[in-house]
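An overview of the molecular structure
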Amino acid sequence: MQITNKHEITLPEFHAAYSSPLPREELLLAGGGRAPSGSWLRQAAMGRELWAIDRGVNCCCHAGLIPAKLIGDGDSATAQAWQWAEQSSVPIAKFPIKKDYTDTQLALEMAVSEQKFAILTGAMGGRFDHAYSTVFSFGHSNLQGCIADEQEAVFFLRGQEQLSISFRRHAKAISLLPLTAVASGVTIQGVYWPLQEAELVQGLPYAISNEALAEKISVSLSEGILAVYICWQEKEPS
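This write-up is about the structure you can find in this document. (Residues numbered from 1 in each chain as written. Predicted model: local features only at pLDDT ≥ 70, side-chain atom pairs only at ≥ 80, totals over all residues. Heavy atoms only, no water.)

**Examining empty space enclosed by the protein**
Any space left empty among the atoms is revealed by the rolling of a water-sized probe across them. Note the cut-off: Buriedness of a pocket was judged along seven lines, with at least five required to meet protein on both sides within 12 Å; pockets are open sets of points on a 1 Å grid over the protein atoms alone, cavities are sets where a 1.4 Å probe fits but cannot get out, and lining residues have an atom within 4 Å of a point. Grid points are joined across faces, edges and corners, and a volume is the space filled by probe spheres set on the points. Just so you know the grouping, Ala, Val, Leu, Ile, Met, Phe, Trp, Tyr, Cys and Pro go in nonpolar, Asp, Glu, Lys and Arg go in charged, and all remaining residues, Gly too, go in polar.
For the coordinates displayed, the defined rule picks out 1 cavity of 30 Å³ or more. Within this model, the largest cavity holds a volume of roughly 60 Å³. In terms of lining residues, the largest cavity is bounded by Tyr18, Ser20, Leu22, Phe117, Leu143, Gln144, Gly145, Phe156, Arg158 and Glu161. The residue inventory of the lining of the largest cavity, partitioned by class, reads 5 nonpolar, 3 polar and 2 charged.

Structure representation (structure tokens):
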């Protein structure tokens with residue numbers, strides 16, 4: 001599933017078009033959070049290089065997808081999946097368990113040098129501290145990309161960028177989360193509560209749980225870093 005032109009990215013739930021040029025090649029990273037379904041992962045992996053990040057090798061193994069690289073300290077992957085990767089001759093970037101950076105942060109740093117559009121899956125649904133670290137690390141990196149699975153997605157806008165998202169499934173909620181102290185000149189259209197050149201403050205993130213009026217929205221930013229969060233499926237409290 002290659003980029004149809006240098007500004008666009010397509011996944012099962014959406015088609016996104018950026019104002020800034022994108023790398024023509026794409027990289028899919030499977031992390032150790034909530035695993036995407038096997039069918040979603042197989043569809044997302046089509047035409048993309050696949051990396052596994054520690055426990056992310058589990059979902060690769062279950063889906064029958066041999067990653068091009070395995071990154072991590074091996075503390076959360078199953079022994080069976082790790083051995084499967086070794087037997088499949090997957091190159092492994094092994095790190096010590098006691099280290100300053102998370103496996104995901106190390107993988108994102110390695111991905112920057114690839115100069116590809118990076119899609120991180122298996123990043124949500126687990127511990128809040130890991131999700132927080134991943135979102136801020138991705139947003140403040142030099143990596144063009146997004147976080148996505150069949151339930152949620154996070155897009156990143158930095159500086160004078162614009163993003164249009166066409167939904168293939170109706171979105172349940174749309175939220176704008178500043179990743180810098182202030183995100184200025186924020187405009188969102190195609191939603192129940194639009195914004196025009198608004199200033200969003202990180203300490204009071206109120207622009208959440210918006211609703212799409214149609215199957216396409218657009219978001220733009222003048223200054224700062226903004227995470228655009230989309231939710232398609234929400235797990236109800238038990």
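**Considering a nonpolar patch on the surface**
Cut-off, in case you're wondering: Patch members must show over 30% relative accessible area and no salt bridge, and they are joined within 9 Å when carrying like charges or within 5 Å when they are nonpolar side chains of Val, Leu, Ile, Met, Phe, Trp or Tyr. What sets the accessible areas is the Shrake-Rupley method with a 1.4 Å probe; for residues, cover comes only from the shown protein chains. Every case where a carboxyl oxygen of Asp or Glu lies within 4 Å of a side-chain nitrogen of Lys or Arg is listed as a salt bridge. Segments assigned H or I by DSSP are reported as helices when at least four residues long, segments assigned E as strands when at least two residues long, and all are numbered from the N terminus. Each residue is placed in one exposure class: buried if its accessible area under a 1.4 Å probe, protein chains only, is under 20% of its type's maximum, exposed if it is over 50%, and partly exposed if it falls in between.
A surface patch of nonpolar side chains, about 240 Å² in accessible area, is lined by Val182, Val201 and Leu204. The residue valine 201 is located in strand E13 (residues 195–201) in this model. For valine 201, a relative accessible area of 36% translates into the label partly exposed.

**Structural notes on helix H5 (residues 128–139)**
Put simply, the test is: Between the first and last residue of a helix there are one fewer steps than residues, each counted as 1.5 Å, and that sum is the expected span. Residues count as neighbours in contact if any of their non-hydrogen atoms are within 4.5 Å of one another.
Between its first and last C-alpha atoms H5 spans 16 Å; for 12 residues at 1.5 Å apiece the expected length is 16 Å, and the two agree. Considered for burial, the residues of H5 that qualify are Ala131, Ser133, Thr134, Val135, Phe138 and Gly139. The inward-facing, buried residues of H5 contact helix H4 (103–112), strand E7 (117–121), strand E8 (145–148), strand E9 (152–158) and strand E15 (225–231).

**Some remarks on the side chain of arginine 48**
Put simply, the rule reads: Within 3.5 Å is the distance limit for a polar contact, defined as a pair of N or O atoms, with the added protein rule that one can donate a hydrogen and the other accept it, and that residues adjacent in sequence qualify only through two side-chain atoms.
Secondary-structure assignment places arginine 48 in the loop between helix H1 (38–45) and strand E4 (49–53). In terms of polar contacts, arginine 48 uses its side chain to reach the backbone carbonyl oxygen of alanine 44, at 2.7 Å.

**Some remarks on the packing of helix H2 (residues 56–63) against helix H3 (residues 79–87)**
Selection rule: Note on method: axes are straight lines fitted to C-alpha atoms, helices fitted across the in-contact stretch only, with angles between N-to-C directions ranging 0 to 180 degrees. Small angles under 35 degrees read as roughly parallel and large ones over 145 as roughly antiparallel, with 65 to 115 read as roughly perpendicular and the rest as oblique. Note on convention: the crossing is left-handed when the near helix lies turned anticlockwise from the far helix by less than a right angle, right-handed when the turn is clockwise.
Across the interface, H2 lies against H3 with an axial gap of 9 Å and an inter-helix angle of 70°. Put simply, H2 runs roughly perpendicular to H3. Classified by chirality, the crossing of H3 by H2 is left-handed. Across from Val57, Asn58, Cys60 and Cys61 in H2, the residues of H3 making contact are Ala81, Trp82, Trp84 and Ala85. A breakdown of the residues in the contact of H2 with H3 according to their chemical character gives 7 nonpolar, 1 polar and no charged.

**Considering the pattern of salt bridges**
Counted according to the given criterion, the structure contains 8 salt bridges. Here glutamate 13 makes a salt bridge to arginine 169, at a shortest N to O gap of 3.5 Å. Of this pair, glutamate 13 sits in the loop between strand E1 (8–11) and strand E2 (14–18) while arginine 169 is found in the loop between strand E10 (161–167) and strand E11 (173–178), placing the two residues 156 residues apart along the sequence. Under the relative-accessibility criterion, glutamate 13 is labelled buried at 5%. Between arginine 34 and aspartate 149 there is a salt bridge, with its nearest N and O atoms 2.7 Å apart. Pair noted here: arginine 34 is in the loop between strand E3 (26–30) and H1 and aspartate 149 is in the loop between E8 and E9, with a separation of 115 residues, a long-range link. Per residue, the accessibility class of arginine 34 equals that of aspartate 149, and both read buried. Linked through salt bridges whose partners overlap, the residues forming this network are Glu25, Glu49, Glu114 and Lys116.

None of this, on its own, says anything about what the molecule does.
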